[in-house]
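A look at the structure
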Amino acid sequence: MASSQDYLQFVLEQLSELSDISYRAMMGEFILYYRGRIVGGIYDDRLLVKPIKSVIAYMKNPSYELPYDGAKEMLLVDNIDDKEYLSGLFNAMYDDLPEPKVKKK
């Protein structure tokens, strides 16, 4: 099942207090970027983020889910109605995210 454009727009609205949020469509789903770094994505109308230490510490009860068959587990963000929580989550994880890979020409 692919994610809906409506759900993507809802998540983007919830993240509107952050600068430099972007996304990329990929096989019916959406990869989310924060200031150029991949934070997670929207899979089957669920917001999933990378399972890094800062996110695990920020979430009270982290729930692991598979974005799709054969993928690594990610953390489900089930508190998407709270803009302040989402902004705090993305800011908390930013420093632990890997730098984007430089593409060779």
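As for the packing of aromatic side chains
On inspection of all chains with the given rule, the structure shows five aromatic pairs. Between Tyr 23 and Phe 30, the ring centres sit 5.8 Å apart and the planes meet at 80°, which makes this aromatic pair edge-to-face. Tyr 23 sits in the partly exposed class, given a relative accessible area of 36%. Consider the rings of Tyr 43 and Tyr 68, whose centres lie 6.1 Å apart with planes at 50°: the pair is tilted. Placement of the pair is Tyr 43 in strand E3 (residues 37-43) and Tyr 68 in the loop between strand E5 (64-65) and strand E6 (74-76), with a sequence separation of 25 residues. Taking NZ or CZ as reference, Arg 37 lies 4.2 Å from the ring centre of Tyr 94, over its face.

A word on the nonpolar core
Formed by 26 residues in total, the largest nonpolar core has its most connected members in Leu 32, Ile 42, Leu 47, Val 55, Val 77 and Phe 90. At the level of elements, helix H1 (5-14), strand E2 (29-34), E3, strand E4 (46-49) and helix H3 (83-94) are the ones that each hand at least two residues to this core. When residues in this core are grouped by element, the largest group, six residues, is from H3. Residue contacts for Val 77: discarding those within four places in its chain leaves Leu 47, Val 49, Met 59, Tyr 85, Leu 86 and Leu 89.

Some thoughts on the sheet that holds E3
Whenever strands of a sheet pair, they do so through backbone hydrogen bonds, lying parallel or antiparallel. With antiparallel pairing, six strands are arranged side by side in an open sheet as E1-E2-E3-E4-E6-E5. Whereas interior strands pair on both sides, the edge strands pair on one side only; in this sheet they are strand E1 (21-26) and E5. Judged from the six bridges that link them, E1 and E2 form a sheet pairing that is antiparallel. Pairing of Met 26 across the sheet is with Glu 29, part of E2.

Digging into H1
Residues of H1 that are buried include every one of Tyr 7, Leu 8, Val 11, Leu 12 and Gln 14, and no others. Looking straight down H1, one finds its buried side chains confined to an arc of 160°; they lie on one side.

Calculation rules
Residues numbered from 1 in each chain as written. Predicted model: local features only at pLDDT ≥ 70, side-chain atom pairs only at ≥ 80, totals over all residues. Heavy atoms only, no water. Phe/Tyr/Trp six-rings, centres within 6.5 Å; stacked < 30°, edge-to-face > 60°. Buried < 20%, exposed > 50% of the residue type's maximum accessible area, 1.4 Å probe, protein only. Helix = DSSP H or I, 4+ residues; strand = E, 2+ residues; numbered from the N terminus. Lys NZ or Arg CZ within 6 Å of the ring centre and 35° of its normal. Core = buried A, V, L, I, M, F, W, Y, C linked by side-chain atoms within 4.5 Å. Contact = heavy atoms within 4.5 Å. Pairing = 2+ DSSP bridges. Arc of directions from axis to C-beta.

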